[in-house]
Amino acid sequence: MDTYAIVLYFDDATNKTIGNMIERTAALSGNSYMLDINIPPHVTLGCFFSDEQSDLLEKVGAFAKNITPFEVTFDAIGAFEPYVLFASPVKDERLTQLNALLHESLLNSYEPAENANYLPDRWMPHCSLAVRLDAEQFAKAKAIEAEIDFPFTALVTKIALAKCNPYNEVAIWKINEE
């Protein structure tokens with residue numbers, strides 16, 4: 001069975017801003033994994049196991065049709081020590097609702113992936129700046145915090161379905177403007 005992530009993507013200006021943070025974090029830490037496998041800036045709404053990609057594709061596409069662009073405010077650097085450093089968005093009502101609605105629409109058909117941190121009661125939204133860090137790389141990467149002018153706002157404009165390990169986009173939906 002494969003693992004799939006349903007992710008939120010940003011507008012071009014935000015992608016450039018966060019992309020620069022990812023590049024700078026890689027330079028500080030010496031860990032370029034995110035750049036090496038071309039992981040774009042994103043916030044993961046949920047992860048699920050599936051052996052039926054076409055059915056999952058259809059369900060995520062239907063979910064995406066009900067979403068309009070919205071803003072997310074990033075206000076700090078967060079971490080899953082010592083492996084991941086991320087920009088932390090404010091977990092507001094809109095993000096919380098989307099995560100809950102996604103799980104409500106998919107949990108009857110799909111098993112959540114082994115990382116329970118994406119489930120509504122445990123979800124910590126984040127936009128990774130560096131992953132697969134060791135302790136030394138993590139310590140160096142934390143210097144990025146002094147270089148970021150928080151808070152900053154990002155516009156969510158797309159939803160994507162990506163196959164995990166390695167990250168590979170399956171489909172991207174531009175979310176509808178009202």
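Residues numbered from 1 in each chain as written. Predicted model: local features only at pLDDT ≥ 70, side-chain atom pairs only at ≥ 80, totals over all residues. Heavy atoms only, no water.

Caption draft 1: Layout of the packing of helix H3 (residues 53-64) against helix H4 (residues 93-106). Two numbers describe how H3 lies on H4: the axes approach to 11 Å, and their chain directions differ by 140°. Comparing the axis directions of H3 and H4 gives the class oblique. As H3 runs across H4, the sense of the crossing is right-handed. Contact residues: H3 offers Leu56, Lys59, Val60 and Phe63, while H4 offers Leu98, Leu101, Leu102, Ser105 and Leu106. In the contact of H3 with H4, the residues fall into 7 nonpolar, 1 polar and 1 charged. (Axes fitted to C-alpha atoms, helices over the stretch in contact; angles between N-to-C directions. Helix = DSSP H or I, 4+ residues; strand = E, 2+ residues; numbered from the N terminus. Parallel < 35°, antiparallel > 145°, perpendicular 65-115°, else oblique. Left-handed = near helix turned anticlockwise from the far one by under 90°. Contact = heavy atoms within 4.5 Å. Nonpolar A, V, L, I, M, F, W, Y, C, P; charged D, E, K, R; others polar.)

Caption draft 2: Highlighting the environment of Ile39. Mapped onto the elements, Ile39 comes out in the loop between helix H2 (33-36) and strand E2 (43-50). Along the chain, Ile39 and Pro166 lie 127 residues apart, while their C-alpha atoms are 9.1 Å from each other.

Caption draft 3: View of the packing of aromatic side chains. By the definition in use, this model includes 4 aromatic pairs. The interplanar angle of 70° and the centroid separation of 5.9 Å between the aromatic rings of Phe10 and Phe74 together place this pair among those described as edge-to-face. Taken as a pair, Phe10 in strand E1 (residues 2-10) and Phe74 in strand E3 (residues 70-80) lie far apart in primary sequence, 64 residues in all. Arranged with centres 5.9 Å apart and planes meeting at 25°, the rings of Phe150 and Phe152 form a pair that is stacked. (Phe/Tyr/Trp six-rings, centres within 6.5 Å; stacked < 30°, edge-to-face > 60°.)

Caption draft 4: Quick peek at the pairing of E2. For E2, the tally of buried residues reaches 8 of 8 residues, placing the bulk of the element in the interior. With 7 bridges joining them, E1 and E2 adopt antiparallel strand pairing. Residue Tyr4 lies in a different strand from E2, and its bridge partner there is Phe48. Here E2 runs beside strand E5 (residues 111-112); their pairing, made up of 2 bridges, is antiparallel. (Buried < 20%, exposed > 50% of the residue type's maximum accessible area, 1.4 Å probe, protein only. Pairing = 2+ DSSP bridges.)

Caption draft 5: Local environment of unusual backbone geometry. The residue after Glu81, namely Pro82, is reached through a cis peptide bond having omega -10°. Here Pro82 shows up in the loop between E3 and strand E4 (84-89). Of the consecutive residues Asn165 and Pro166, the connecting peptide bond is found in the cis state with omega at 0°. Within the secondary structure layout, Pro166 lies in the loop between strand E7 (152-163) and strand E8 (168-174). Non-glycine residue Asn38 carries a positive phi angle of around 60°. Positionally, Asn38 belongs in the loop between H2 and E2. Exposure remark for Asn38: the relative accessible area of 63% places this residue in the exposed category. With a phi angle near 55°, Asn165 is a residue other than glycine that sits in the positive phi range. For Asn165, the location among the structural elements is in the loop between E7 and E8. The class for Asn165 is exposed, based on a relative accessible area of 59%.

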